[in-house]
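Descriptive structure summary
Okay, here's what each chain looks like letter by letter:
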Amino acid sequence: MLVLGIESSCDETGVALVQTRGQGVPVLLADALYSQIDMHQAYGGVVPELASRDHIRRVLPLTQQVMHRAQRLLAEVDVVAYTRGPGLAGALLVGAGVACALAAALGKPVMGVHHLEGHLLSPFLSADPPEFPFLALLVSGGHTQLMQVDRVGSYTLLGETIDDAAGEAFDKSAKLMGLPYPGGPHLSRLALAGDGAAFKLPRPLLHSGNLDFSFAGLKTAVLTQAKKLGPELESRKADLAASTQAAIVDVLVKKTLSALAQTGLKRMVVAGGVGANALLRSQLNSACQQRGVRVHYPELEFCTDNGAMIALAAGMRLQAGLETLQPGYTFDVKPRWSLAAIG
Ligand code: KG4
Ligand code: ZN
């Protein structure tokens, strides 16, 4: 089966084509991505209306690119999948509308995919895919969750953020330091030149006894510290960046280790944009190695939003027999949608 996947939940337009194969991991035939980061940078964050308009401009040329790269014809596509949520409503509607229009023109079924299921399954695109069951640390710009994944479609929420997401903590702190959007990669690059122990920043909920996170207070602490430094901030920015990163990574690693101890799982995956963070990777790797736990990551290009993970998740759900493809092209999007709610 050939599955075309379209991602448009935020500021990246992604399209990809996968081929399902029995019970094996679907094969990625081609993918293409357009990031709107340059456009939103001028505003210091994503402007939803501009995001939707740009998805409209990009999605069909990207689809043509993917079909060309895969040397396949649109008429050969068996299912058209799109990100149904969570995400920006207008941006999601572009992907959903185009997917339904394409599918209607081709006379093929459509399928809505949960964006976070895409992130969660994205390590299966790597050369060293995980085996079920595993623990997943999902860390993106909008979500921070620990989940137990028993198989495709079986996701148990163990803990999540009660306020800001880890990516948001990176982005908001970076903005306070005058770094460009999206702050995560910029802050972590600056942190390389700083001392992570230079400033004592809070580790909220570290000893809460559960697996929930809270990052809103950290942003306030960074702001207080920046104000206290005043004109000195410029020369201490790398130290502040390193201390912020150390606080976020410390909480993520400690909570993940608690989740591993609690579940007894010996495999884990890290997914979502913050999973690209080098300090998080090195600290998790060494802590997990000591505990005999294997950590799997998506390829760096599939850590942040992309179409490949949406086509893959659709393909894996189809292979697992979890989808009854309905005729008809009425659609909706779900800007807020819990992953634990899907089967
Ligand atoms: O998964 P993603 O592309 O989009 C969402 O679904 O939210 O994640 C984007 C987030 C942003 O907050 C970005 O700053 C963060 O991932 N990010 C990073 C790094 N690369 C991306 N945060 C820390 N270090 C990085 N290297
Ligand atoms: Zn995402």
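Note that the coordinates shown come from a computational prediction; the quantities given were computed from them, not determined experimentally. (Residues numbered from 1 in each chain as written. Chains lettered and ligands numbered in written order. Predicted model: local features only at pLDDT ≥ 70, side-chain atom pairs only at ≥ 80, totals over all residues. Heavy atoms only, no water.)

Here we come to the coordination of the zinc ion (ligand 2). At 2.0 to 2.1 Å from the zinc ion (ligand 2) lie its protein donor atoms, namely His 115 (NE2), His 119 (NE2) and Asp 305 (OD). Taken together, the four donor atoms coordinating the zinc ion (ligand 2) span angles of 94 to 140° at the metal, a pattern that classifies the geometry as irregular. One chain supplies every donor to the zinc ion (ligand 2), and in sequence these donors are spaced H-x3-H-x185-D. With His 115 and His 119 both in helix α4 (residues 115-121) and four residues apart, this pair spans about one turn of that helix. Comparing His 115 with His 119, the two get one shared label, buried. (Donors = N, O, S within 2.8 Å, 3.2 Å for Na, K, Ca; no water. Tetrahedral: all angles 85-135°; square planar, octahedral: opposite > 155°, others 65-115°. Helix = DSSP H or I, 4+ residues; strand = E, 2+ residues; numbered from the N terminus. Buried < 20%, exposed > 50% of the residue type's maximum accessible area, 1.4 Å probe, protein only.)

Another point: the environment of Leu 284. The topology assignment puts Leu 284 in helix α9 (residues 278-290). On the accessibility criterion, Leu 284 (0% relative accessible area) is buried. Distance from Leu 284 to Gln 19, taken between C-alpha atoms, is 33 Å for residues 265 residues apart in sequence. Not counting residues within four places of it along the chain, the set of residues in contact with Leu 284 comprises Leu 137, Val 253, Thr 256, Met 268, Val 270, Val 295 and Tyr 297. (Contact = heavy atoms within 4.5 Å.)

This brings us to the sheet that holds strand β4 (residues 79-85). Strand order in the open sheet formed by five strands is β3-β2-β1-β4-β5, with mixed pairing between adjacent strands. In this open sheet, the two strands that pair with only one neighbour each are β3 (24-35) and β5 (110-114). With direction set aside, neighbouring strand axes in the sheet form an average angle of 25°. Bridging between β4 and β5 involves five bridges; their strand directions are parallel. Bridge pairing in β5 links Ala 81 to Met 111. Contacts between helix α2 (residues 48-70) and the sheet are confined to β1 (2-7), β2 (12-21) and β3, with β3 contributing the most and set at about 135° to the helix. Helix α3 (residues 89-106) rests against β1, β4 and β5 of the sheet, and its axis sits at about 160° to β4. (Pairing = 2+ DSSP bridges. Axes fitted to C-alpha atoms, helices over the stretch in contact; angles between N-to-C directions.)

This part covers the side chain of Lys 237. Mapped onto the elements of the fold, Lys 237 is located in helix α8 (residues 233-263). Lys 237 sits in the buried class, given a relative accessible area of 13%. One polar contact links the side chain of Lys 237 to the main-chain carbonyl oxygen of Met 177, over a distance of 2.8 Å. Residues within four places of Lys 237 in sequence aside, it is in contact with Met 177 and Leu 190. (Polar contact = N/O pair within 3.5 Å; in protein donor to acceptor, adjacent residues only side chain to side chain.)

A few words now on the pattern of salt bridges. Here the structure, examined in full by the defined rule, presents 16 salt bridges. As a salt-bridge pair, Asp 128 and Arg 294 come within 2.4 Å of each other at their nearest N and O atoms. Here the residue Asp 128 occupies a position in the loop between α4 and β6 (134-139), and Arg 294 occupies one in strand β10 (residues 294-296), the gap between them amounting to 166 residues. Take Asp 128: its relative accessible area is 39%, and that puts it in the partly exposed class. (Salt bridge = Lys/Arg side-chain N within 4 Å of Asp/Glu carboxyl O.)

The mixed open sheet is built from five strands, whose spatial order is β8-β7-β6-β9-β10. Whereas interior strands pair on both sides, the edge strands pair on one side only; in this sheet they are β8 (154-160) and β10. Across the sheet, the axes of successive neighbouring strands diverge by a mean angle of 25°, strand direction being ignored. Pairing analysis gives six bridges linking strand β7 (residues 144-151) to β8, with the strands arranged antiparallel. Opposite Gln 148, over in β8, you have Thr 156 as the bridge partner. Running at roughly 175° to strand β9 (residues 267-271), α9 makes contact with β6, β9 and β10 of the sheet.

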